[in-house]
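# Close look at the chain arrangement
Listed below, chain by chain, are the residues.
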Protein chains: 4
Amino acid sequence: MLTHRYSARVSYSETDQMGFVHHSNYARFYENARWEMFRSMGINYAQIEEDGVLMPVVKMEARFIQALHYDEEYVIETQISKLPQSVLELAYIISTRERGIVHTAKVTLAFINKITQKACRPPVMIVQKLSTNL
Amino acid sequence: MLTHRYSARVSYSETDQMGFVHHSNYARFYENARWEMFRSMGINYAQIEEDGVLMPVVKMEARFIQALHYDEEYVIETQISKLPQSVLELAYIISTRERGIVHTAKVTLAFINKITQKACRPPVMIVQKLSTNL
Amino acid sequence: MLTHRYSARVSYSETDQMGFVHHSNYARFYENARWEMFRSMGINYAQIEEDGVLMPVVKMEARFIQALHYDEEYVIETQISKLPQSVLELAYIISTRERGIVHTAKVTLAFINKITQKACRPPVMIVQKLSTNL
Amino acid sequence: MLTHRYSARVSYSETDQMGFVHHSNYARFYENARWEMFRSMGINYAQIEEDGVLMPVVKMEARFIQALHYDEEYVIETQISKLPQSVLELAYIISTRERGIVHTAKVTLAFINKITQKACRPPVMIVQKLSTNL
């Protein structure tokens, strides 16, 4: 299994009037974490798009276990456990040092041809980098 | 089953450079739809919070079936099929007139005491209004 | 002077932990208001982009006079007082029925050729519609 | 003059369908930069709020000189040139290594008593830290 750990801090604008992170922000957390993971493996997502492949989210599941608060530091661990066939599946565990796991999620990305907007094979570059690291 | 239909239009800021709605926005769509549903039933969420009960999202599942584009009008149907015990479960179907269903989701809300931050019973006002309409 | 009034309600996700609308949301309010204004005049911004012209914001000034709270209804009045030359200038007044003016802003949009990314003339369609209504 | 430099990278969710950062995100960039500046000076904004003082934005001016693109790294320089009396004024310069200055802004924050929601004096902690560093 391929794992990557990425650390970030809650921004003020991510809170809502309940006093903790609004749930709509987590999708952005996963996204930032996976592009950091890709970057760390030498995969350049901007380049992938220029090469004509989009990777939209097609499925998402999230469990909000504990709230995250303004200025809190959290670690988001991204896991990939198998090579992409038609889709790429990622699992996430968000935790803080003091409170352990606060959130988990699964996200599935598809591969879409930018021009035809139809499903396509995963770019060779991604498969190669992932198979080297898995 | 209790259902509510709410119509909205995609804002420019909700798109990303793929040219369609960024997936992180859907959580806000569900949220707007459920407070519109509540409002239509005479439930005032602002009042519920003032009375000391928060309703955070604890679970969320989403399927992105087709993309939504800038300026497109969509209908979001919210469904509640049973009275809340410890949590309230909602289902969503987003569709456009031309393209049918583009997105589905399930969202689970908890009831939390604002002071203790612990789980509490659903406010009587919500249970009454829902049981009248279910 | 051309004016347009547009009514909206504060979403939960727009609040932050201060308990009122986070200041970063106002830019989206202006944007929604101006596309509603354009739509009401028969100008289709999606079409303008397809025709190859982008209209990015190049200048923005905002005064936050009073806070807006969750679920509050507000009116945003958009004003255009002269035809666009190289840029289009818009003024905004946001108010609520109970509390009067809560916010004012000025926003300047440029016209950019989508391919060259260089400044271009305003589309004839916009100039015509605006000159008819001004 | 007190200055602070903070480096960040454009997230995918910050882009819109024009293919660059949506203008509404810059207000969040300034916010993140000023709390990083404060943190670097030993000022804890979360603590300030707990002590009963809010610091809402009351004025904002921005110039969008060049676009920022997905995955680009940018530096945001925050400047404070005088001690706060009733308000705190900050200036921002955003630049990239390759393209120089892409954005400038001025933001004014007020000091508000959390309970009364009225203007109050700046917290002594802020004035002391700023006067040491100015």
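Residues numbered from 1 in each chain as written. Chains lettered and ligands numbered in written order. Predicted model: local features only at pLDDT ≥ 70, side-chain atom pairs only at ≥ 80, totals over all residues. Heavy atoms only, no water.

Applying the stated criterion across every chain, the model contains 32 salt bridges over all chains. The closest approach of N and O atoms between C:Arg28 and C:Glu14, which form a salt bridge, is 3.1 Å. Here the residue C:Arg28 occupies a position in helix H1 (residues 26-40), and C:Glu14 occupies one in the loop between strand E1 (2-9) and H1, the gap between them amounting to 14 residues. Accessibility classification places C:Arg28 together with C:Glu14 in one group, the buried group. Overlapping salt bridges, with partners in common, bring together A:Arg9, A:Asp71, A:Glu73, D:Glu36 and D:Arg39 in one network. (Salt bridge = Lys/Arg side-chain N within 4 Å of Asp/Glu carboxyl O. Helix = DSSP H or I, 4+ residues; strand = E, 2+ residues; numbered from the N terminus. Buried < 20%, exposed > 50% of the residue type's maximum accessible area, 1.4 Å probe, protein only.)

Attention now moves to the relation of the copies chain D and chain C. Structural alignment of chain D on chain C gives an RMSD of 0.0 Å, achieved by rotating through 180° and translating 0.0 Å along the axis. A rotation of that kind, with that shift, is consistent with a two-fold axis. Considering only C-alpha atoms, the part of chain D nearest the rotation axis is D:Glu61, at 2.2 Å. Interface overlap between copies is the fraction of interface residues in one copy that are interface residues in the other; for chain D against chain C it reaches 100%, indicating a shared surface. (Least-squares fit on C-alpha atoms with pLDDT ≥ 70 in both. Contact = heavy atoms within 4.5 Å.)

Before going further, it helps to spend a moment on the sheet that holds strand E4 (residues 73-80) of chain C. Think of a sheet as strands paired side by side through backbone hydrogen bonds, with each pair either parallel or antiparallel. Ordered in space as E1(C)-E4(C)-E5(C)-E6(C)-E3(C)-E3(D)-E6(D)-E5(D)-E4(D)-E1(D), the 10 strands form an open sheet in which the pairing is antiparallel. The sheet is open, and its two edges are formed by E1 of chain C together with strand E1 (2-9) of chain D, each paired on a single side. Pairwise comparison of adjacent strand axes, ignoring direction, gives a mean angle of 15° for this sheet. Relative to strand E6 (residues 100-110) of chain C, strand E5 (residues 87-96) of chain C is paired through 10 bridges, and the arrangement is antiparallel. Across the sheet, residue C:Ile93 finds its bridge partner in E6(C), namely C:Thr104. (Pairing = 2+ DSSP bridges. Axes fitted to C-alpha atoms, helices over the stretch in contact; angles between N-to-C directions.)

Here the focus is the interface of chain D and chain C. A common way to state how big an interface is: give the accessible area lost once the parts meet. Listed by partner, the interface residues are 24 residues for chain D and 24 residues for chain C. On the chain D side of the contact with chain C, D:Met18, D:His23 and D:Met60 bury the most area, a combined 27% of that side's loss. Remark: the boundary between chain D and chain C carries zero salt bridges. At the boundary of chain D and chain C, one finds eight residue pairs in polar contact (both at pLDDT 80 or more). Sort the elements by how many residues they give to the side of chain D that touches chain C and strand E3 (residues 57-64) of chain D lands first, with eight residues. For the side of chain D that touches chain C, the class distribution of residues is 12 nonpolar, five polar and seven charged. By the bridge criterion, five bridges tie strand E3 (residues 57-64) of chain C to E3(D) in an arrangement that is antiparallel. If you follow C:Met60 over to E3(D), its bridge partner there is D:Ala62. (Buried area = accessible area lost by both parts, 1.4 Å probe. Polar contact = N/O pair within 3.5 Å; in protein donor to acceptor, adjacent residues only side chain to side chain. Nonpolar A, V, L, I, M, F, W, Y, C, P; charged D, E, K, R; others polar.)

A complete count under the given rule lists 36 aromatic pairs over all chains for this structure. It is A:Arg34 that lies over the ring of A:Trp35; its NZ or CZ is 5.5 Å from the centre. (Phe/Tyr/Trp six-rings, centres within 6.5 Å; stacked < 30°, edge-to-face > 60°. Lys NZ or Arg CZ within 6 Å of the ring centre and 35° of its normal.)

Another point: the pairing of strand E6 (residues 100-110) of chain D. Residues and elements named next belong to chain D. In this structure, E3 lies alongside E6, joined through seven bridges in antiparallel fashion. Bridging across to E6, methionine 60 finds its partner in valine 107. The turn linking strand E5 (residues 87-96) back onto E6 is made up of three residues.

Quick look at unusual backbone geometry now. Residues and elements named next belong to chain B. Even without glycine at this site, aspartate 71 takes up a positive phi of about 80°. In this structure, aspartate 71 sits in the loop between strand E3 (57-64) and strand E4 (73-80). Of the residues examined, aspartate 71 reaches a relative accessible area of 18% and is grouped as buried.

Right, let's talk about helix H1 (residues 26-40) of chain B for a bit. Residues and elements named next belong to chain B. In a regular helix each residue adds 1.5 Å, so 15 residues correspond to 21 Å; H1 covers 21 Å between its end C-alpha atoms and thus fits that length. With respect to burial, H1 is a largely interior element, 12 of its 15 residues being buried. Among the residues of H1, those classed as buried are Tyr26, Ala27, Arg28, Phe29, Tyr30, Glu31, Asn32, Ala33, Arg34, Trp35, Met37 and Phe38. One or two steps after H1, the chain reaches glycine 42, where phi turns positive at roughly 85°. (Expected span 1.5 Å × (residues − 1).)

Of the residues lining the interface, 24 residues belong to chain A; the matching set on chain B comes to 24 residues. Interface area for chain A against chain B, summed over the two sides, is near 2100 Å², with a carbon-plus-sulfur share of 59%. Elements supplying a minimum of two residues to the side of chain A that touches chain B: helix H1 (26-40), helix H2 (45-50) and strand E3 (57-64) of chain A. Residue contributions to the side of chain A that touches chain B peak at eight residues, all from E3(A). When the residues that make up the side of chain A that touches chain B are grouped by side-chain class, the tally is 12 nonpolar, five polar and seven charged.

For chain A, the mean per-residue pLDDT works out to 96, and 100% of the residues sit at or above 70. The ipTM assigned to the predicted complex is 0.95, against a pTM of 0.95. (pLDDT = per-residue confidence, 0-100.)

Ordered in space as E1(A)-E4(A)-E5(A)-E6(A)-E3(A)-E3(B)-E6(B)-E5(B)-E4(B)-E1(B), the 10 strands form an open sheet in which the pairing is antiparallel. The open sheet has two free edges, formed respectively by strand E1 (2-9) of chain A together with strand E1 (2-9) of chain B, since each of these has just one partner strand. For this sheet, the mean inter-axis angle between neighbouring strands, taken without regard to orientation, is 15°.

Residues and elements named next belong to chain A. By the secondary structure assignment, glutamate 77 is in strand E4 (residues 73-80). Judged by its relative accessible area of 17%, glutamate 77 falls in the buried class. Only 3.1 Å separates the side chain of glutamate 77 from the side chain of arginine 5, close enough to count as a polar contact. A polar contact of 3.0 Å, which involves the side chain of glutamate 77, links it to the side chain of glutamine 79. Setting aside residues up to four positions removed in sequence, glutamate 77 forms contacts with Thr3, His4, Arg5, Ala91, Tyr92 and Ile93.

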